[in-house]
Amino acid sequence: MEVSEMQRQFADFSSSLFREGYLDAQFTQLQQLQDETNPDFVVEVVSLFFDDSQRLLNDLTHALEQENVDFQKVDAHVHQLKGSSSSIGAHRVTSACIPFRHFCEMRNTEACRACLQQVKQEYFLVKNKLQTLLRMEQQILAAGGSIPLIA
């Protein structure tokens, strides 16, 4: 496949991520911080997000399995996940955390468990989409092309 075709597919896929609400303008700002001095910046930040999010989701799952749920701890984990999601522009994950925090305040275990499932779903969707996007970037670069900036 020619580089121009890969770039077009990349641009189309990137645009769909914004249009469908998976990513927001924060992700574009993250991309703009990447340059020749730090060419792997976005990959590194996204990888840290994946690792941190997986840890937080595991902690949340464990915390909500307890007989006496520590809602303060659950809320702290959700708050951290919401912040890290927001910082990379994972809009749908960030949005899914909002009702989760509300149900923590209400100390509603069942609603928190339902929210956890929604957050996990959104996280795994955006993770898959970001992995695809980063793989496409690598293919374009390996073919000698440049990455088009998507706004």
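Fair warning: this is a prediction, and the values are worked out from it, not measured in the lab. Along each chain, the written sequence defines residue order, and numbers are assigned to residues from 1. Residues qualify for local features only when their pLDDT is at least 70, as the model is predicted, and side-chain atom pairs are given and counted only at 80 or more; totals for whole chains, interfaces and linings, by contrast, use all residues. Hydrogens are left out, water is left out, and the side-chain values use all remaining heavy atoms of the structure.

Caption draft 1: Geometry of helix 4 (residues 71-88). A run of DSSP states H or I qualifies as a helix once it reaches four residues; a run of E qualifies as a strand once it reaches two. Both are numbered from the N-terminal end. An expected span of 1.5 Å times one less than the residue number is assigned to each helix. Over its 18 residues, helix 4 extends 26 Å from the first C-alpha to the last, a length consistent with the 26 Å expected when each residue adds 1.5 Å. Burial here depends on accessible area, computed with a 1.4 Å probe over protein chains only, as a share of the maximum for the residue type. Under 20% is buried, over 50% is exposed, and the range in between is partly exposed. F71, V74, D75, H77, V78, L81, S84, S85 and I88 are the residues of helix 4 that are buried. Only heavy atoms matter for contacts: two residues are in contact if any of them lie within 4.5 Å across the pair. Buried positions along helix 4 lie against helix 2 (25-32), helix 3 (41-65), helix 5 (91-105) and helix 6 (109-142). Any N or O atom pair separated by 3.5 Å or less is treated as a polar contact, with the protein-specific requirement of one donor-capable and one acceptor-capable atom, and with residues adjacent in sequence counted only for side-chain atom pairs. Between a side-chain oxygen at the N-terminus of helix 4 and the backbone nitrogen of Q72 the separation is 3.2 Å; the capping residue is D70. The first or second residue beyond helix 4 is G89, which carries a positive phi of 90°.

Caption draft 2: Here's a closer look at the packing of helix 1 (residues 3-19) against helix 6. Axis separation between helix 1 and helix 6 bottoms out at 10 Å; the angle between their running directions is 160°. Comparing their axes, helix 6 and helix 1 come out roughly antiparallel. Crossing geometry of helix 1 relative to helix 6 is assigned as left-handed. Contacts from M6, Q7, Q9, F10, F13, S14 and L17 in helix 1 reach K129, T132, L133, M136, E137, Q139 and I140 in helix 6. Only the contacting stretch of a helix is used when fitting its axis, a line to C-alpha atoms as for every element, and angles between N-to-C directions run 0 to 180 degrees. An angle below 35 degrees is read as roughly parallel, one above 145 as roughly antiparallel, one from 65 to 115 as roughly perpendicular, and any other as oblique. Should the near helix be turned counterclockwise from the far one by less than a right angle, the crossing is left-handed, whereas a clockwise turn marks it as right-handed.

Caption draft 3: Representation of the pattern of salt bridges within the structure. Any Lys or Arg side-chain nitrogen located within 4 Å of an Asp or Glu carboxyl oxygen qualifies as a salt bridge. Using the criterion set out here, one finds seven salt bridges in the structure. Taken together, the salt bridges that share partners define one network made up of E5, R8 and D12.

Caption draft 4: How the structure looks around the layout of surface pockets. Here the largest pocket is characterised by a volume of approximately 250 Å³. Lining the largest pocket are 13 residues, and of these Q31, Q34, D35, E137 and I147 sit closest to its centre. Mapped by element, the contributors of at least two residues to the lining of the largest pocket are helix 2 and helix 6. For this classification, Asp, Glu, Lys and Arg are treated as charged, while Ala, Val, Leu, Ile, Met, Phe, Trp, Tyr, Cys and Pro are nonpolar and the rest, including Gly, are polar. Residue classes in the lining of the largest pocket are distributed as six nonpolar, three polar and four charged. Detection works on a 1 Å grid of protein atoms alone, calling trapped sets that fit a 1.4 Å probe cavities and calling open sets with protein on both sides within 12 Å along at least five of seven lines pockets, with lining residues defined by an atom within 4 Å of a point. Grid points are joined across faces, edges and corners, and a volume is the space filled by probe spheres set on the points.

Caption draft 5: Layout of the side chain of S53. The topology assignment puts S53 in helix 3. Within the structure, S53 has its side chain in polar contact with the backbone oxygen of F49 (distance 2.8 Å). Ignoring anything within four residues of it in the chain, the contact list for S53 reads L81, S84 and Y123.

Caption draft 6: View of the packing of aromatic side chains. Side-chain rings of Phe, Tyr and Trp, where Trp is taken by its six-membered ring, are said to pair if the distance between their centres is within 6.5 Å; with planes under 30 degrees apart they count as stacked, over 60 as edge-to-face, and otherwise as tilted. Per the counting criterion, the structure on display carries four aromatic pairs. Each ring, one from F49 and one from F50, has its centre 6.1 Å from the other, and the planes form 50°; the classification is tilted. A relative accessible area of 3% places F49 in the buried class. Residue F50 is classed as buried on the basis of its relative accessible area, which comes to 10%. Every member of this aromatic cluster is reached through a ring pair, and the members are F49, F50, Y123 and F124. The rule is short: NZ of Lys or CZ of Arg within 6 Å of the ring centre and within 35 degrees of the ring normal puts a charge over the ring. Note that R92 overlies the ring of Y22, its terminal NZ or CZ placed 4.0 Å from the centroid. A cation sits over an aromatic face here: K127 above F50, 5.4 Å from the ring centre.

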